[in-house]
Structure formats: structure tokens, C-alpha cells
Amino acid sequence: MKARQFALGIAAAALAPGAAQAQEVVLKVAHFLTPTTPAHVKFIEPWCGKIEAQSQGRMKCQLYPAMSLGGTPPQLLNQVRDGVADIVWTLPGYTPGRFPITEVFELPFFSTSYEATSRALWDFIEGSAASEFAGLRPIATWSAGPYLLHFRNKQVNALEDLKGLKVRTPSRLGNKMLAALGATPVGMPAPQMTEGLAKGVIDGALLPWEVVPALKIQELTKYHAEPTGKIALSTATTIFVMSQKKYDSLPADLKKVIDDNRGREVSAFAAGQLAEAGNASRDITLKNGNTVYQLAPEELERWKQTTAPVAQEWIKDMDAKGLDGRKLHDEAAALVQKYSN
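Predicted model only: the values in this text are computed from it and were never measured.

Caption draft 1: Fine view of the packing of helix α4 (residues 114-126) against helix α13 (residues 325-340). Close contact between α4 and α13 brings their axes to 8 Å; oriented N to C, the two are set at 135 degrees. Classified by the angle their axes make, α4 and α13 are oblique. Considering how the two elements wind past one another, α4 and α13 form a crossing that is right-handed. Two secondary-structure elements touch here, α4 through A116, R119, A120, D123 and F124 and α13 through L328, E331, A332, L335, V336, K338, Y339 and S340. A per-class count over the contact of α4 with α13 returns eight nonpolar, one polar and four charged.

Caption draft 2: Summary view of helix α2 (residues 38-54). The end-to-end C-alpha distance of α2, which contains 17 residues, comes to 23 Å, matching closely the 24 Å that a straight helix rising 1.5 Å per residue would cover. Helix geometry: α2 is bent most strongly at I44, by close to 30 degrees, with proline P46 lying one to four residues after it. For α2, the complete set of buried residues consists of P38, A39, H40, F43, I44, P46, W47, C48, K50 and I51.

Caption draft 3: Quick peek at the environment of A39. Relative to the helices and strands, A39 resides in helix α2. For A39, a relative accessible area of 4% puts it in the buried group. Between the C-alpha atom of A39 and that of A271, which follows or precedes it by 232 residues, the distance is 9.0 Å. In this view, A39 contacts I44, W89, W142 and L274; residues no more than four positions away in its chain are not counted.

Caption draft 4: Layout of the nonpolar core. In terms of nonpolar packing, the biggest core is built from 104 residues, with F43, W47, W142, F240 and W303 touching the most fellow members. Per element, the largest residue contribution to this core is seven residues, and it comes from helix α12 (residues 297-320).

Caption draft 5: Highlighting the state of the cysteines. Taken as a whole and judged by the stated rule, the model has one disulfide. Between the sulfur of C48 and that of C61 lies a disulfide, 2.3 Å long from S to S. Classification of the bridge connecting C48 and C61 rests on its S-S torsion, roughly -90 degrees, and on that basis the disulfide is left-handed. With C48 in helix α2 and C61 in strand β2 (residues 59-64), this residue pair connects regions lying 13 residues apart in the sequence. For C48, a relative accessible area of 7% gives the class buried.

Caption draft 6: Representation of the packing of α4 against helix α11 (residues 264-287). Contact geometry for α4 and α11: axes closest at 8 Å, N-to-C directions at 150 degrees. One element, α4, and the other, α11, form an angle in the roughly antiparallel class. At the point where α4 passes α11, the crossing takes the right-handed sense. Contact with α4, carried on its side by Y114, E115, S118, R119, W122 and D123, involves R264, E265, S267, A268, A271, G272, L274, A275 and G278 of α11 and no other residues of that element. The residue inventory of the contact of α4 with α11, partitioned by class, reads six nonpolar, four polar and five charged.

Caption draft 7: Up close: the sheet that holds strand β5 (residues 148-151). Here six strands make up an open sheet; going across it, the order is β7-β6-β8-β5-β9-β11 and the pairing mixed. Strands with a single pairing partner mark the edges of an open sheet, and in this sheet they are β7 (184-187) and β11 (291-294). For this sheet the average axis-to-axis angle between neighbouring strands, irrespective of direction, equals 25 degrees. Relative to β11, strand β9 (residues 223-226) is paired through four bridges, and the arrangement is parallel. Along β11, the bridge assignment pairs Y223 with T291. Against the sheet, helix α6 (residues 172-181) contacts β5, β6 (166-169), β7 and β8 (204-207), and its axis sits at roughly 155 degrees relative to β6.

Caption draft 8: Fine view of the side chain of S111. For S111, the location among the structural elements is in the loop between β3 (87-90) and α4. Setting aside residues up to four positions removed in sequence, S111 forms contacts with F105, T117, K230, I231, A232, S234, T235 and V336.

Caption draft 9: Spotlight on the sheet that holds β3. Here we have five strands laid out as an open sheet, ordered β2-β1-β3-β10-β4, and mixed in their pairing. Among the strands making up the open sheet, the edge pair consists of β2 and β4 (136-143). If you compare each strand with its neighbour and ignore which way they point, the axes differ by 20 degrees on average. Pairing geometry for β4 and strand β10 (residues 237-243), over seven bridges, is antiparallel. Bridging across to β10, P138 finds its partner in V241. Here helix α10 (residues 252-259) sits on the sheet in contact with β1 (25-30), β2, β4 and β10, set at roughly 55 degrees to β2.

Caption draft 10: Spotlight on unusual backbone geometry. For A66, which is not glycine, the phi dihedral falls at a positive 55 degrees. Here A66 lies in the loop between β2 and α3 (76-82). Owing to a relative accessible area of 42%, A66 belongs among the partly exposed residues under this scheme. Phi at M67 is positive, roughly 55 degrees, even though this residue is not glycine. Looking at the element boundaries, M67 is found in the loop between β2 and α3. Residue M67 is classed as buried on the basis of its relative accessible area of 12%.

What counts as what
Residues numbered from 1 in each chain as written. Predicted model: local features only at pLDDT ≥ 70, side-chain atom pairs only at ≥ 80, totals over all residues. Heavy atoms only, no water. Axes fitted to C-alpha atoms, helices over the stretch in contact; angles between N-to-C directions. Helix = DSSP H or I, 4+ residues; strand = E, 2+ residues; numbered from the N terminus. Parallel < 35°, antiparallel > 145°, perpendicular 65-115°, else oblique. Left-handed = near helix turned anticlockwise from the far one by under 90°. Contact = heavy atoms within 4.5 Å. Nonpolar A, V, L, I, M, F, W, Y, C, P; charged D, E, K, R; others polar. Expected span 1.5 Å × (residues − 1). Bend = angle between axes of the 7 residues up to and from the residue. Buried < 20%, exposed > 50% of the residue type's maximum accessible area, 1.4 Å probe, protein only. Core = buried A, V, L, I, M, F, W, Y, C linked by side-chain atoms within 4.5 Å. Disulfide = S-S within 2.5 Å. Pairing = 2+ DSSP bridges.

Dropping the structure here:
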């Protein structure tokens, strides 16, 4: 199934008549952002509509955005494993240490575009990182958009400008990258950023374009530094995963509905929707009068060289766990390259 075919299926599901049968399975779907965020509107809701249509109404979703089942974003994985939720959308980076292999995609200057990186991520998770998903059935695994830096009141043009600035990061490797660059990293889930910026707890944030309007980042920051070229400064892996136990409890025909709506191209579809949202968010930010600018190529090369030890440290960490860090790194990089060509 290709991403375009999945998109056409989404459209067809939206036009399908409602089924008269009583619902047999209700899937509790939880995540950490508001119901206006692009992933919710452009992927999760359409995906749920599609499985409901294809199951003739025998399976549907009950959506719980913004942690409405309780808890905090780092607890989402426990919620799906414990049966509090049946499906969750979350970031592996919110639970440091649980996905050490998968986090290779979050290394500095490693990922490329939304769709290419997301296809590579799916292949990697289905292969070398599969052991990290025990008890979970991945449905879609996508890369957030290429990260950029958003600042409240200072335009950062060079490494020296970052020194001492408190910058939000979503992950362990984001912490290491920002520290290498001279900033003060502040680990913080996305929902807390709005308050953090408003109160001056942080000076800026490492964040992709697509979630900016939902969190009102364009109203709380003035300067937005983008990297030049095809290689992203950084990104975050995100996962839409189902409880394996819940999946195993389904009858064969409903398992097939789930299986027909998971995989590499479903991941690419989700990524493509977020890419469109990212472009729109950038336009909204420009219309707000903010300054969006690109870091000079020669300056970005300084950043790349400065953060290179982060990858070497990750490789050593994998080796210490009895894994072949260099092999894993190069395999993931080759997959990114394969889908970026």
C-alpha cells in the first residue's frame, strides 16, 4: 500500500455511510497534545474514521487528547502497556532509556525530510529496534518535522549567541546537542512550553514548525532560526502504537483492518500531513510579523562539527550495552539516505 493509496482510503472512509451495527470494539486512543494539533486532526482522526468504515462500524475510537485519561506525557507508554489506553501517540524521547536504539534518529544532523525519515524509521523499528517495542504493535512511526530554534527576544546567528540561553528540548540527545552548542538545555514536554516561554523560564525552544500554532509559540517568540540544506538540525521520533494484548484480543477480521492500516506508507502519509501543516505554520508565523531566518551555511558547519561528539558518544553507549553501535548508526543512516534520494 502506497502513501497515496492510504490517503485515498482516508478520503473514502470520510464519505462512507455510518454502519447500523452496534459497536463491538471501542479503542481508547490517548495522546499528549490538544485536539487542534495537526497529528490529531490530520492523522489520528482520519485513521480512526478509516478503521471504523472498514470494520463496518464494529470498531471505533474514543479519543483522549491532552492527557485526558490522566497522568503526564512520559506515562503514556505505561498506560498503553497497562491497558489504561489501547493506542497512544507519544515521543520515545519522553522516556529516556527505554528506546536507546530508536533514538539514533534524534542525533544532530542525521535526519532529512518528514517522509524520508519516517519511512527509514519504520524499517529500522521493524528490524533492528524491534526488541524495544515488546508488548506494543506499531501502527505508524514518524519523524517530527526538522527541528529549528525559536527564541523569545534574541536573534541567534552564531554559536556564541547561544551561550547561557535556556532552551527547551524534548529528549536526551536534544539535551546533549544543546549542551554541546553552549546553550543550557531544559527538558520539557511540548504542552509545558507555552507557560515556560510566557513566564521566561526558558529563552527558546527546539521544536518543529507543525506544532507552533497549537501551542501559540508564534505569539511568545520573535525569532526563528532554520538550518540550511537538506539535513535537519535535529528531530524527534514519534510513535503511534497499539497494545499487543489488545490487538491479540481482536477477532481475525478486525486484526486485518488494523494490519491494513499500519506500516511504512501509513507512516509516510502521517509525515506528509505534518509537512503540509509545517508549511502552513511557518506562513502563520511570518504573517504574525516574526523574523524567520536561515543560519549561514558556514556557521551551520561549525554547529555540525561541534555536535559530532554526540554521535560518537551514542555509538559508545550502544557498545557498552553489548550492541554494535557503529553498525546500528550506519544502518539507520543508510535507510535515511535510501529514502531521501
